[in-house]
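Architecture and fold: a report
Here is how the chains run, residue by residue.
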Amino acid sequence: MLTLTQFSIAPATLSQEPVNDSPFFGDDGSRDLTAGLNDCDDEATCRHRAAPRWIAAVWLVEQIDNGAVPELAVGPRRFADVGNDHPAAAYIERIAELEITLGCGDGSIFCPNRTITRGQISAFLVRTFDLPVPENPATFEDVGEDHTFTNEIAALAETGITIGCADGSVFCPENTLTRRQLSVMLDRGDDWAIRTGASSVAETTTTLPADPAPLPPPSGGGGGGGGGGGTPPPVTPPTT
């Protein structure tokens, strides 16, 4: 059950970068991972949980609009799998309006419950912050010239939004993005925009593919914080 919770400032330090003006970020650059529209109410558990596409939409809009809750306009929805009753419908409509996403597959759906890989979030962030792509995009050993998100990942590295994973020589583009990682990348992206005076939302977009994965179960009252359940049946990712 998704609920809109009261936000508070989390004490954990997730980044040493300067912060933005969103009420969801503390003075130390950390985001309260249980704040706002959420399905997780325990900070220690939330930080390690996968970030589904709907959470990414919510956090991106909170970042762009400084915590303001968007209104859901009257009219047909842009995506067939995101109805008026979806708690994040207004946020998903907002990032579609800003052309941060055109959906997944053929663009008629958003795939809100599918988790995002580190490679895929690079495309969202490039569009959100209108990041420049470096002339020589080769940055990490595991991101070749033919990778779908070579340019986007290189842009994150060039602007300091990412320093890679493990020893920094690789990016782990196929790894599922955690909520803590998303929080840190958003904070660094906002700092880059502040330092450079860049626009907050990109003007051009392409359709973002999505990994098939279930929405992590909500953090219940007394349950252990594990991954929950068994392995879901394989699903073929949509093409773009």
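Rules used throughout
Note that residues are indexed from 1 along each chain, following the sequence as it is written. It should be noted that, the model being predicted, local features are given only for residues of pLDDT at least 70 and side-chain atom pairs only at 80 or more, the latter also being counted only at that level, while totals for whole chains, interfaces and linings use all residues. By convention in this description, side-chain values take in all heavy atoms of the structure and omit both hydrogens and water. Throughout, nonpolar core names a set of buried Ala, Val, Leu, Ile, Met, Phe, Trp, Tyr and Cys residues whose side chains join them through atoms within 4.5 Å. Exposure classes here rest on a 1.4 Å probe applied to the protein chains alone. A residue is buried below 20% of its type maximum, exposed above 50%, and partly exposed in between. Put simply, DSSP marks the helices as runs of H or I at least four residues long and the strands as runs of E at least two long, and each gets a number from the N terminus on. In what follows, a contact means two residues having at least one pair of non-hydrogen atoms within 4.5 Å. Two aromatic rings from Phe, Tyr or Trp, using only the six-membered ring of Trp, form a pair when their centres are within 6.5 Å; if the ring planes differ by under 30 degrees the pair is stacked, by over 60 it is edge-to-face, and anything between is tilted. Here, a charge over a ring is recorded when the distance from Lys NZ or Arg CZ to the ring centre is within 6 Å and its angle to the ring normal is within 35 degrees.

Ranked by size, the top nonpolar core spans 44 residues in total, and within it Ile92, Ile121, Leu125, Leu131 and Leu182 carry the most contacts. Those elements giving two or more residues to this core turn out to be helix 2 (53-64), helix 3 (89-97), helix 4 (118-129), helix 5 (150-159) and helix 6 (179-196). Top element by residues in this core is helix 2. It accounts for nine residues. Ignoring any residue separated from it by four or fewer positions in sequence, one finds Leu125 in contact with Leu60, Asp130, Leu131, Leu156, Ile161, Met185 and Leu186.

We now examine the environment of Val69. With respect to the element layout, Val69 can be found in the loop between helix 2 and helix 3. With 11 residues separating them along the chain, Val69 and Val58 place their C-alpha atoms 9.2 Å apart.

Before going further, it helps to examine the packing of aromatic side chains. Two descriptors summarise a pair of aromatic rings, namely the distance from one centre to the other and the angle between the planes of the rings. Going through the model one piece at a time under the given rule, you end up with two aromatic pairs. An angle of 40 degrees between the planes, with centres 5.5 Å apart, marks the rings of Phe79 and Phe110 as tilted. Placement of the pair is Phe79 in the loop between helix 2 and helix 3 and Phe110 in the loop between helix 3 and helix 4, with a sequence separation of 31 residues. Neither residue differs from the other here; Phe79 and Phe110 are each classed as buried. A ring pair is formed by Phe140 and Phe171, whose centres lie 5.5 Å apart and whose planes are at 35 degrees; its orientation type is tilted. Of this pair, Phe140 sits in the loop between helix 4 and helix 5 while Phe171 sits in the loop between helix 5 and helix 6; the two residues are 31 residues apart in sequence, bridging distant segments of the chain. For the pair shown, Phe140 and Phe171 are each scored as buried. Sitting over the ring of Phe110, Arg53 keeps its end group 4.5 Å from the ring centre.

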